[in-house]
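Coordinate analysis (summary)
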Amino acid sequence: MDKFSPIVSEFETEEEAAAYDRWFRAKVEAARADPRPPVPHDEAMARIRRNLEKLRSQH
């Protein structure tokens, strides 16, 4: 179990880096395989803004 330098990597070990890489690649593949139509950028940002505003109003 080799230690990574925190200056070079956010992971402490190669195993952590490899596990994150597997997780990330699986997420990307799942997103690419999603049959739903893509959401245009402007609509995605509008949804995010609405959600943020809703959260702000709750606090």
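The preceding data block contains the structure.
All values reported here derive from a predicted model rather than from experimental measurement.

What follows deals with the overall build of the protein. Scanning the protein for helices and strands turns up two helices and zero strands. Looking at the protein as a whole, 7% of its 59 residues are labelled buried. Within the structure as shown, the protein displays about 5,800 Å² of accessible surface, and the carbon and sulfur contribution to it stands at 57%.

To continue, consider a nonpolar patch on the surface. Taken together, the side chains of Tyr20, Trp23, Phe24 and Val28 make up a nonpolar region of the molecular surface, amounting to roughly 390 Å² of accessible area. Along the chain, Phe24 falls in helix H1 (residues 14-33).

Let's shift gears to the packing of aromatic side chains. Under the defined criterion, the tally for this structure stands at three aromatic pairs. Plain terms: the ring middles of Tyr20 and Trp23 are 5.5 Å apart, the flat faces sit at 40 degrees to each other, and that makes the pair tilted. Pair noted here: Tyr20 and Trp23 are both in helix H1, with a separation of three residues, about one helical turn. The exposure class assigned to Tyr20 is partly exposed, which follows from its relative accessible area of 38%. These aromatic residues form a ring-pair network of at least three members: Phe11, Tyr20, Trp23 and Phe24.

Criteria and thresholds
Residues numbered from 1 in each chain as written. Predicted model: local features only at pLDDT ≥ 70, side-chain atom pairs only at ≥ 80, totals over all residues. Heavy atoms only, no water. Helix = DSSP H or I, 4+ residues; strand = E, 2+ residues; numbered from the N terminus. Buried < 20%, exposed > 50% of the residue type's maximum accessible area, 1.4 Å probe, protein only. Areas by Shrake-Rupley, 256 points an atom, 1.4 Å probe, with all protein chains shown as cover. Patch = residues over 30% accessible without salt bridge, like charges linked within 9 Å, V, L, I, M, F, W, Y side chains within 5 Å. Salt bridge = Lys/Arg side-chain N within 4 Å of Asp/Glu carboxyl O. Phe/Tyr/Trp six-rings, centres within 6.5 Å; stacked < 30°, edge-to-face > 60°.

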